[in-house]
Amino acid sequence: MFDAAGIQHVYIACGYTDLRLGIDGLVSIVQTNFQLDPFANALFLFCGRRADRFKALYWDSDGFILLYKRLERGRFSAVRSGELSESELRLVLEGVDLSVRRFAPVRGTRVA
């Protein structure tokens, strides 16, 4: 069984990835496009165009694990680029929207 507790880094490939790619194709993206080591203690997330599914790639010391997640309802929202914390990863896997929303201040009010 896959245990994410020991993972040091989580990376998400922003934008769309062709989810027809298998392990070798995703390893190539990690190495070529992002100049990262796919054999590091890291989880790499790739989102599809439909935004309701993604693939995750992880090296577990003797081979790659390829995980596939598809939401039955809802979509994965855009997540900021770079690394995710463990708590952010758990929220993303549950389909929680982590995108930042900026609101304009209301006229005539002051923040203390």
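Everything that follows concerns the structure shown earlier in this document.
To start, this report covers the structure provided alongside it. The shown structure was predicted, so the numbers you read here are calculated from the model rather than taken from an experiment.

1. Considering the packing of aromatic side chains
Two aromatic rings, taken as a pair, are described by how far apart their centres are and by the angle between their planes. Scanning the entire structure with this criterion turns up 4 aromatic pairs. Aromatic pair Phe-39 and Trp-59: ring centres 4.9 Å apart, planes at 80°, arrangement edge-to-face. Taken as a pair, Phe-39 in the loop between helix H1 (23-32) and strand E2 (42-47) and Trp-59 in strand E3 (residues 53-59) lie far apart in primary sequence, 20 residues in all. On the accessibility criterion, Phe-39 (41% relative accessible area) is partly exposed. Through successive ring pairs, a cluster of aromatic residues spans Phe-39, Trp-59 and Phe-64. Arg-49 extends its terminal NZ or CZ atom over the ring of Tyr-16, reaching a point 4.4 Å from the ring centre.

2. With respect to the environment of Leu-26
Tracing the backbone shows Leu-26 in helix H1. You can call Leu-26 buried: its relative accessible area is 0%. Apart from the residues lying within four places of it in its own chain, the contact partners of Leu-26 are Thr-17, Leu-21, Phe-46, Lys-55, Leu-57 and Leu-66.

Conventions adopted
- Residues numbered from 1 in each chain as written.
- Predicted model: local features only at pLDDT ≥ 70, side-chain atom pairs only at ≥ 80, totals over all residues.
- Heavy atoms only, no water.
- Phe/Tyr/Trp six-rings, centres within 6.5 Å; stacked < 30°, edge-to-face > 60°.
- Helix = DSSP H or I, 4+ residues; strand = E, 2+ residues; numbered from the N terminus.
- Buried < 20%, exposed > 50% of the residue type's maximum accessible area, 1.4 Å probe, protein only.
- Lys NZ or Arg CZ within 6 Å of the ring centre and 35° of its normal.
- Contact = heavy atoms within 4.5 Å.

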